Amino acid sequence: EPEKLPEILLQSLRSSRLVPLAKNPNSESVPSSPRLRPIAIPEVLRKVASQWVLQHVVPRARDFLLPTQLGVGVSGGSEAVLHTIQAHLHYEPAHILLKLDLENAFNRVDRRLAKRIIEARFPELLPLYVLGYGPDSANGSYHFGWLPEEGSPSSTRDRFFLRSRTGVQQGDPLAPVLHALALSPYLMAMRSLFPNITVLALHDDISLVGPYYDIQGAFHWSQRVLSSLGARLQPDKCVLFGHRIDSPRLVNHDFPAVEVTRQGVMLHSVPVGTRAFVIRACRQLQNTHAKLVKGIQKLPEGELQTKLALFRYCAGPRLDYHLRCLALPFGAPLATEADTITMHELDTLCGSLLTLQGLPPEELNTVKAQIRLPGKWGGLGLATRVRIHPIAFYAAWLRTLQNNFTCNAFLSRLGTACRGADPSAEHLLEDLASSMDQLEQQLSLASRWTTSRLSSRTSARIRKIALWSTALPTGDAAPASTNPPLAGPLQQILSQESHRRAFEDIVDNSALDDRTRARVRSASGAGAGGWLRDLPSTGSELLSTEEIRCSLRLLLGLPIPGLRTTPECTVCAKPHAADGTQRLFHCSTSAGNWTLRHNRIRDELARHLRRWHIPDVQVEPYGFFEGSRLRPDIVVRHHRTGKQYVIDVKVESPLRAHLLARAACQSGYAAANAEAGKRAKYRDAIGDRHDFQFAPFATEGFGRLGQAAQD
């Protein structure tokens, strides 16, 4: 109850820090008066309270705002908007698309409209509204900012404040819901007055699709009505697109100041229009991606670990949204180009990783296939866009057709056509080239492509999801209230199955030698790839450039530059090849490195146990086993349960002669063998003691953890 709080505390909670952000920071042209986006950052306590309440209100608010507003509580809302428009224009190519633009929508909308709807439909939000914006406009919230004098540093005397009497605060968790509620009477009235128009909004990004004269009437009606909501239409920033419209000069008579085009329009950063327009926009996306990759490469030479992390978590996934929304024939070359750029830059960053090795083509293809695997499957997690592109496209469309949040007849019609699609996986590339303008064929092709990339061990339930005939409901798509969203991230599930298939293509390939298959198996599984997946830090996890390059070559089975080779070692009587496995893993000349590696693992494990607030951690204690000279690596006693654990570390190479044949066929065999050896070693020393639990911590040379270490 905000009215019971002291006035000084209310003003403090209503106040926000004002941060002006440039709307187009990457624009090459710098206007004399830059356009700013005011971001108001509220007090943390108010944000926490708002987020907690919204968890319970958003599902009801979503159902209230649908089917016109998809900006609240709808996962993949922008994709649903784009898919609905694409389906509409596919079945009605003579209809037109009008993209509306509202001036400063978040800061101009009349929030009193939202308050009235809250009082009637969502009363639990009213205290938060009053707390953040006051009971009326006269007692609105304050925005504080700092404006330094020209040529002097900022100081407290330069501080200024503004009182917010209209709009909602960009930065407030409650703002998207308030803004959507304030616009909802306008969107619902338009849908009722113009039933032939598909009305779609993602907050203030409003799109109208329908017959020409209906769109014209809705446009002029919007100009009159929006002012009553506190909003204002900007005709000069609206865009009208249609394949069959008359000349722009004639159309501008009906839509004054509106940009008219027959080519296409950028809708939620995705091109919608003619083939030439989409190809041109995809080329710009490729150029933007190439600039991002070049920017990552320009980081300091010693930041290789950071560069690889940016490739994995920034450059690659940045295109996933476009791959989900673009038509399949346009997304395929974009994914191919992105993977080609990534492979080239990886080769450059890692010192000619692929180009100067002189590998036969079949071995080079195996290395590239391993690079494309995620870290948990023994790869680097790079250049995977080609593999996941049809899966991303299919998963996004399946979510739209299953949910059909907009209750759109064209989506229902498209879903019916997809259920009767041909599941054959033949002639995929030929069908891709011929499906440029056939949406049903693209969706059928995506399903067939996804199915062809599933593993032989994929469950029957997931296989059903990958087929339109079993994934979509038998009748027309139901509204969102009776047809809830899918449980779980479908794209992630299907992508993991695709990666499993690529992993099996390597380890089950009898044409590859046992060393390659054992190495890839040892680099996969629990614990493997953590040094690649984790973000770099300044602690012991930070690796030098040379350490990373050598580790990558070991992982991929490539020669290590500068490593001394010999046809026959005088110690182990075995050849030392350039890949380093014999010298680093098997020959006793590297015994010092083995001890160092063992001690590093032991010390890191002990350090993490102490970080978990377990104080009683002993490293190699003397005399723990009476009458035995064995010393375990770590003895730890849990401070709450009092239970004692005895841990002994072992690093085992799966490429040893007596392990190689089984390690090539069974993932984790070397670690399991090491665990069994440790238990046999300590069996007599343990005897009948039951006051502790023995846990062998076995890890394979390429990163895979044993089962006891995982537990």
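Residues numbered from 1 in each chain as written. Predicted model: local features only at pLDDT ≥ 70, side-chain atom pairs only at ≥ 80, totals over all residues. Heavy atoms only, no water.

Caption draft 1: Representation of the overall build of the protein in the model. Scanning the protein for helices and strands turns up 29 helices and 15 strands. Classification of the 711 residues of the protein by burial places 50% in the buried group. Within the structure as shown, the protein displays about 34100 Å² of accessible surface, and the carbon and sulfur contribution to it stands at 53%. (Helix = DSSP H or I, 4+ residues; strand = E, 2+ residues; numbered from the N terminus. Buried < 20%, exposed > 50% of the residue type's maximum accessible area, 1.4 Å probe, protein only. Areas by Shrake-Rupley, 256 points an atom, 1.4 Å probe, with all protein chains shown as cover.)

Caption draft 2: Highlighting helix 18 (residues 439–452). An ideal rise of 1.5 Å per residue puts 20 Å on 14 residues; helix 18 measures up with 20 Å between its terminal C-alpha atoms. With ten of its 14 residues buried, helix 18 lies for the most part within the structure. The set of residues buried in helix 18 consists of Leu-439, Gln-442, Leu-443, Ser-444, Leu-445, Ala-446, Ser-447, Arg-448, Trp-449 and Thr-450. (Expected span 1.5 Å × (residues − 1).)

Caption draft 3: Focus on helix 26 (residues 591–611). An ideal rise of 1.5 Å per residue puts 30 Å on 21 residues; helix 26 measures up with 30 Å between its terminal C-alpha atoms. Within helix 26, the full set of buried residues consists of His-598, Arg-602, Leu-605, Ala-606 and Leu-609. An end-on view of helix 26 places all buried positions within 95° of arc, on one side of the element. Projecting away from the buried face of helix 26 at angles above 90 degrees are the exposed residues Gly-592, Leu-596 and Arg-611. On its buried side, helix 26 packs onto strand 12 (617–619), strand 13 (634–637), strand 14 (644–652) and strand 15 (692–700). A positive phi of about 60° marks His-613, the residue just after helix 26. (Arc of directions from axis to C-beta. Contact = heavy atoms within 4.5 Å.)

Caption draft 4: Main features of the pattern of salt bridges. What the rule picks out here adds up to 24 salt bridges. One salt bridge in this structure joins Arg-501 and Asp-505, with 3.4 Å as the shortest N-O distance. Highlighted residues: Arg-501 and Asp-505, both in helix 21 (residues 490–507), separated by four residues, approximately one helical turn. Note that Glu-652 and Arg-656 form a salt bridge whose closest N and O atoms lie 3.0 Å from each other. Look at Glu-652 and you get buried, because its relative accessible area is 9%. Within this structure, Arg-602, Asp-603, Glu-620 and Arg-631 form a network of salt bridges that share partners. (Salt bridge = Lys/Arg side-chain N within 4 Å of Asp/Glu carboxyl O.)

Caption draft 5: A look at the nonpolar core. With 58 residues, the main nonpolar core has Leu-125 and Leu-208 as its most contacted residues. For this core, the element with the most residues is helix 7 (residues 175–193), which contributes ten residues. If sequence neighbours within four positions are ignored, Leu-125 has contacts with Val-53, Leu-54, Val-57, Ile-118, Leu-174 and Val-177. If you look at the next biggest cluster of nonpolar residues, it comprises 35 residues, including Leu-380, Leu-382, Ala-383 and Leu-556. (Core = buried A, V, L, I, M, F, W, Y, C linked by side-chain atoms within 4.5 Å.)

Caption draft 6: Layout of the sheet that holds strand 6 (residues 198–202). Spatially, the five strands line up as an open sheet ordered 6-7-3-8-9, and their pairing is mixed. The open sheet has two edge strands with one neighbour each: strand 6 and strand 9 (259–261). Within this sheet the neighbouring strands show an average axis-to-axis angle of 15°, counted without direction. In this sheet, strand 7 (residues 205–210) lies alongside strand 3 (residues 96–100) in antiparallel orientation, the contact comprising five bridges. Its bridge partner lying in strand 7, Leu-98 is registered against Leu-208. Against the sheet, helix 3 (residues 77–91) touches strand 3, strand 6, strand 7 and strand 8 (239–241), its axis set at about 160° to strand 6. With respect to the sheet, helix 8 (residues 212–225) is in contact with strand 3, strand 7 and strand 8, its orientation differing from that of strand 3 by roughly 15°. (Pairing = 2+ DSSP bridges. Axes fitted to C-alpha atoms, helices over the stretch in contact; angles between N-to-C directions.)

Caption draft 7: Molecular detail of unusual backbone geometry. Cis rather than trans, the peptide bond between Leu-66 and Pro-67 has omega equal to 10°. Relative to the helices and strands, Pro-67 is located in the loop between helix 2 (44–65) and helix 3. One non-glycine residue, Glu-620, lies in the positive phi region at around 45°. You can see Glu-620 is positioned in the loop between strand 12 and strand 13.

Caption draft 8: Structural view of the sheet that holds strand 12. Taken together, four strands build an open sheet; the order of strands is 12-13-14-15 and the sheet is mixed. Whereas interior strands pair on both sides, the edge strands pair on one side only; in this sheet they are strand 12 and strand 15. Across this sheet, the average inter-strand angle for adjacent strands is 20°, counted without regard to direction. Sheet topology note: the strand 12/strand 13 ladder contains three bridges and is antiparallel. In the strand pairing of strand 13, Gln-618 is matched with Val-635. Its contacts with the sheet place helix 26 against strand 12, strand 13, strand 14 and strand 15, and it is angled at close to 150° to strand 14.

Caption draft 9: The packing of aromatic side chains, seen in detail. The final tally for this structure, using the stated rule, is 16 aromatic pairs. Ring geometry for Tyr-212 and Tyr-213: centres 5.1 Å apart, planes at 80°, overall edge-to-face. Ring centres of Phe-625 and Tyr-682 lie 5.7 Å apart, and the angle between their planes is 55°; this geometry places the pair in the tilted category. Of this pair, Phe-625 sits in the loop between strand 12 and strand 13 while Tyr-682 is found in helix 28 (residues 669–686), placing the two residues 57 residues apart along the sequence. With a relative accessible area of 1%, Tyr-682 lands in the buried category. Taken together, the ring pairs connect Phe-624, Phe-625, Tyr-682, Phe-692 and Phe-694 into an aromatic cluster. Positioned above the aromatic ring of Tyr-313 is the side chain of Arg-312, whose terminal nitrogen or guanidinium carbon lies 5.9 Å from the ring centre. Between the NZ or CZ atom of Arg-656 and the centre of the ring of Trp-594, over which it lies, the distance is 5.9 Å. (Phe/Tyr/Trp six-rings, centres within 6.5 Å; stacked < 30°, edge-to-face > 60°. Lys NZ or Arg CZ within 6 Å of the ring centre and 35° of its normal.)

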